[in-house]
Amino acid sequence: MEFVFKGKEFFNNMFYKSTRNKNVSVSSCEAITQGISVDGGLFVPSNFEKISTEEIVRLSKMSYPNQAKLILSKFLTDFSEQEISFCCENAYSTKSFDSEQIINIKKLNKDAFVLELWHGKTSAFKDMALQILPFLLTTASKKVVADKKIVILVATSGDTGKAALEGFADVENTEIIVFYPQDGVSSMQKRQMATQEGKNVEVIAINGNFDDAQTGVKEIFSNELIKQALEKKGKMFSSANSINWGRLVPQIVYYVSTYARLVAENEIKNGEQINVVVPTGNFGNILAAYYAKKMGLPLNKLICASNKNNILTDFIKTGVYDRNRSFNATNSPSMDILISSNLERLLFDLTDNDDDIINNWMNDLKENGKYEVSSSVKQKLDQLFVGGYCNDEQTLLTIKETFEKYNYLCDTHTAVALNVFEQYQKASNDQTKTIIASTASPYKFGNSVALALDIDESLDEYEQISLINKKTGLEIPEEFIKLKEKKIRFDKTVNVNQMSEAVLEII
Ligand SMILES: *Cc1c(COP(=O)(O)O)cnc(C)c1O
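To start, this report covers the structure provided alongside it. (Residues numbered from 1 in each chain as written. Predicted model: local features only at pLDDT ≥ 70, side-chain atom pairs only at ≥ 80, totals over all residues. Heavy atoms only, no water.)

1. A few points about the overall build of the protein chain
- A tally of helices and strands in the protein chain yields 22 helices and 16 strands.
- For the C-alpha atoms alone, the extent of the protein chain along its principal axes is close to 60 × 50 × 45 Å.
- Looking at the protein chain as a whole, 62% of its 507 residues qualify as buried.
- When the accessible surface of the protein chain is split by element, carbon and sulfur atoms take 45% of a total near 19,900 Å².
- Distance between charge centroids for the protein chain: 2 Å, based on 57 positive and 66 negative side chains. (Helix = DSSP H or I, 4+ residues; strand = E, 2+ residues; numbered from the N terminus. Buried < 20%, exposed > 50% of the residue type's maximum accessible area, 1.4 Å probe, protein only. Areas by Shrake-Rupley, 256 points an atom, 1.4 Å probe, with all protein chains shown as cover. Lys, Arg positive; Asp, Glu negative; His and termini not counted. Charge placed at Lys NZ, Arg CZ, Asp CG, Glu CD.)

Given below as structure tokens:
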């Protein structure tokens, strides 16, 4: 697809470059519509407007949709004010979220605040971005490709798939196809996807893991035969994975929003530095925190928490990214990833936009499964990030102990973050106030949570869920109750090498 760029001044001096070709310059509408750059790179904004202390004061008095408008308008400079308002108001309402405030903050103790990002339709943090992406994408594509129908291709480790399906179901002028690893998602996640309603949705399991699904989808994106077939039908591909800028930019909002709320509630002083812990897979969520910091939000350490697939822990420690290791299926499956796509955006930034170096490293990763960053990048990593991980047993123990100590129930992914936070505090003696990103409802990973709470393993998941509810008093999201009665609509499984064929058939 060719875009005609309208000149850098046109959009308030804001444009988007590719991490693999810094001479690319497209508008935000083009970046969001296209998903990924033709050179295989990811789109990044040319500059990051600052958030001032006065703005934090203003933000602290705003509703979530209004906060989102203010932050998004700093990046989506070719959207009109009305368009941004339309997107934010439709996405962040009590129609789609079971919390008036959209995000909930739970104070665990004097320095730890759990940021619950899972009050959307599918009970995972992916809703924060995927409720708004369809609005952003349809608004953007109308401006740049007029009447083309957008086909969204998704590879999912479980949560993105359902959240994207829910976001795009029956959205005019879109179709969505989701691929997930047959044995790589929780039973609740599988059921959520297999029962998805909507005329424009398709869900397919693959024999392989998430990385296989992601690689397969990337190949389909650049498959000429499929592209031509699409073209003939007046359709084009786009992506709902966190490689799409439209997925990432809404995630910056909740870090700013949380900071402003902590200021409003007198938990922190305006300007006080705080830390953030993020349970990390594809590096999207923690990259959004990094971007918020880059905009001047007073964030100090960004603590990257992994499960046994601890490639990022090693990377932060050594500066070597090495995927030549075995893939572990863990009880925090949404983080079972060995290729964290969004790291490329961080590296582009830390090398001062050196696209040659990024091309070399990404080529090394493709050819040899590894790359090593320069010492200057390593130094910056050391200043910004802390990496840590824990295994499945520690994850379950953290769920149990957090419940016993604070009467707070968390899911397995959040437990990984809490565990790594505890390790960090012990090792560093850092008493900085900290936000812990909580990425899923405990009921989404009911089997594991039940195991952690010593609930009978042999029971079916619905019985387990109801026992968790009895034991903890935590309300079960309505969606999970309804799920039991829903009809299975999709049960197709294909091999990895049949993915493109499957896509051709559907389109
Ligand atoms: C996707 C996901 C993550 C990982 O987020 P990234 O942005 O990919 O790093 C963590 N926890 C849950 C529950 C998720 O769904």
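Picking up where we left off.
2. Structural notes on the site of the ligand
- Surrounding the ligand, one finds 15 residues, the nearest of these being Lys126, Asp159, Gly281, Asn282 and Thr439.
- Asparagine 282 is positioned with one of its backbone polar atoms (N or O) 2.7 Å from an oxygen atom of the ligand.
- Summarising the interface, the protein chains cover 98% of the accessible area of the ligand, which totals 390 Å² for the free molecule.
- Put simply, the ligand lies in the largest cavity.
- Of the residues that constitute the shell around the ligand, the class distribution is five nonpolar, eight polar and two charged. (Near = heavy atom within 4 Å. Polar contact = N/O pair within 3.5 Å; in protein donor to acceptor, adjacent residues only side chain to side chain. 1 Å grid on protein atoms, 1.4 Å probe; cavity = no way out; pocket = protein on both sides within 12 Å on 5 of 7 lines; lining within 4 Å. Sits in = over half its atoms within 2 Å of the grid points. Nonpolar A, V, L, I, M, F, W, Y, C, P; charged D, E, K, R; others polar.)

3. Looking at the sheet that holds strand β1 (residues 16-18)
- A sheet is described by the order of its strands in space; here three strands give the open sequence β2-β1-β3, paired in antiparallel fashion. Either end of the sheet is taken by a strand with one partner, and the two such strands are β2 (21-26) and β3 (43-45). Strand-to-strand twist in this sheet, taken as the mean axis angle between neighbours without regard to direction, amounts to 40°.
- Across three bridges, the pairing between β1 and β3 is antiparallel. Along β3, the bridge assignment pairs serine 18 with phenylalanine 43. (Pairing = 2+ DSSP bridges. Axes fitted to C-alpha atoms, helices over the stretch in contact; angles between N-to-C directions.)

4. Some details on the nonpolar core
- Membership of the largest hydrophobic core comes to 113 residues, with the highest contact counts inside it found for Phe75, Leu76 and Ile252.
- Among the elements that line this core, the one with the most residues is helix α11 (residues 245-264), at twelve residues.
- Once you skip the residues sitting within four places of it in the chain, isoleucine 252 turns out to touch Ile71, Phe75, Trp245, Ala288, Tyr291, Ala292 and Met295.
- Within the second largest apolar cluster, 37 residues are counted, among which are Trp118, Ile399, Ile436 and Leu483. (Core = buried A, V, L, I, M, F, W, Y, C linked by side-chain atoms within 4.5 Å. Contact = heavy atoms within 4.5 Å.)

5. Notes on the side chain of serine 448
- Relative to the helices and strands, serine 448 is located in helix α19 (residues 446-452).
- When residues no more than four places from it in sequence are discounted, the contact partners of serine 448 are Asn331, Leu396 and Thr412.

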